[in-house]
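# Overview (structure and organization)
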Amino acid sequence: MSYNNIIKATPEEYPEITRVWETSVRATHDFLKEEDILYFKPLILTEYLPAMEHLFYIKNEKGRIVAFIGIQEKHIEMLFVHPDTRGKGLGKRLIFFAIQRYHIETVDVNEQNEQGVGFYLNMGFEVTGRDTLDSSGKPFPILHMKLNSSLKKILSSNKPIEKHPLGFYLPPNAKVLMLGSFPPPRKRWSMDFYYPNIQNDMWRILGFLFYQDKEHFIIPGRKAFDKNRAEAFCQTYGIGIGDTVEEIVRMNDDASDKFLEVVKPWNAKKVLSQIPECHTIVITGQKAMETFLKVIPVQEPKVGNYTEFEFIGRSFRVYRMPSSSRAYPKPIEEKAVVYGKMFEEAGLLPG
């Protein structure tokens, strides 16, 4: 990741940085009263910014400061992004910069700033403590958070962060959502769709169950799956497909989940809100299950079984299915029995 656009701040830029702080706070800290903002604003300009050991910012294409970070002794003292540029990865870029350049480990966040808390949790921080008052003695609870060892390992590896190349495939009629971990390296793809590795047996399992033909999704005469057939199948039966991880670092250049380090897990609320008829979630593989449970902490089901839970005001079942990878040494027919029972209970196959 390049940090060429991250610039060290000078005192002349403190007023503009303070304006970014105020705009961001007004957009995210709705628990603050006007008098609170007016109290903190001059302190930011005349005391907090000058006290920073390290202070950096990012400008937009118009040359305006839109995000900044303040660091003190391996601690993030402040990180704010202008609301007009949120969602563009500026906060993440500043955090990665701070980790790699200054080895930051901790941050304190207003508990009532739910967006901020969620951001740091997604970035790999964990809550280690809580104070009922902030550093000024005001009644705004503070969460103390620490960077977990996994993200440290990722960034120290200097390996690239991969974003999911496919996202989610969500037919409007999806009743079942199948979730793996992350696609293999592209050189192992046989089609531009989910479960693309010809050595993975998921499409053979589905072909066996729904069409009594393990080769149904394979293009005749080629070692490749048929994307058009796969999409048509998902649309016909109401099956969504995706993965529990949006961003990873691949510690080894192969298809094994064992060497995947999670940078950013899936946004469960956003995905499930797009498929209102979905009632069944199918997890394929241990890595996918581990990541799912970090996002939705329910009782982990045994292989072939399910756990019921409530989420976003709806009832779901989450199934733990056998891995379709050939690294899981079971015949297709044996795996198909387990998958078949699940699809029957989900109403997609006759009982």
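The structure contained in this document is the topic of the report that follows. (Residues numbered from 1 in each chain as written. Predicted model: local features only at pLDDT ≥ 70, side-chain atom pairs only at ≥ 80, totals over all residues. Heavy atoms only, no water.)

What follows deals with the overall build of the protein. Of the regular secondary structure elements, the protein holds 10 helices and 15 strands. With respect to the principal axes defined by its C-alpha atoms, the protein has extents near 75 × 40 × 35 Å. Contacts spanning at least 24 positions in sequence make up 64% of the contacts within the protein whose residues lie at least 6 apart. Across the protein, the centroid of the 46 positively charged side chains sits 5 Å from that of the 44 negatively charged ones. (Helix = DSSP H or I, 4+ residues; strand = E, 2+ residues; numbered from the N terminus. Contact = heavy atoms within 4.5 Å. Lys, Arg positive; Asp, Glu negative; His and termini not counted. Charge placed at Lys NZ, Arg CZ, Asp CG, Glu CD.)

Taken together, the three strands give an open sheet; going across it, the order is β8-β11-β12, and neighbouring strands pair in antiparallel fashion. At either end of the open sheet lies a strand with only one pairing partner, and these are β8 (161-163) and β12 (260-265). The sheet shows a mean angle of 30° between the axes of neighbouring strands, taken without regard to direction. In this structure, β8 lies alongside strand β11 (residues 245-250), joined through three bridges in antiparallel fashion. Within the sheet, the bridge partner assigned to Lys163 lies in β11 and is Glu247. (Pairing = 2+ DSSP bridges. Axes fitted to C-alpha atoms, helices over the stretch in contact; angles between N-to-C directions.)

So, on to the pattern of salt bridges. Inspection of every chain in the model, using the stated rule, returns 16 salt bridges. For Asp36, the salt bridge goes to Lys138, with nearest N and O atoms at 3.9 Å. Here Asp36 is found in helix α2 (residues 34-51), whereas its partner Lys138 is found in the loop between β6 (125-131) and β7 (142-147), with 102 residues between them in sequence. With its nearest N and O atoms 3.2 Å apart, the salt bridge here joins Asp201 to Arg326. Separated by 125 residues along the polypeptide, Asp201 in the loop between β9 (176-180) and α6 (202-211) and Arg326 in the loop between β15 (314-321) and α10 (332-345) bring together distant segments of the chain. It is possible to trace a salt-bridge network through shared partners that takes in Glu22, Arg26, Glu34 and Lys41. (Salt bridge = Lys/Arg side-chain N within 4 Å of Asp/Glu carboxyl O.)

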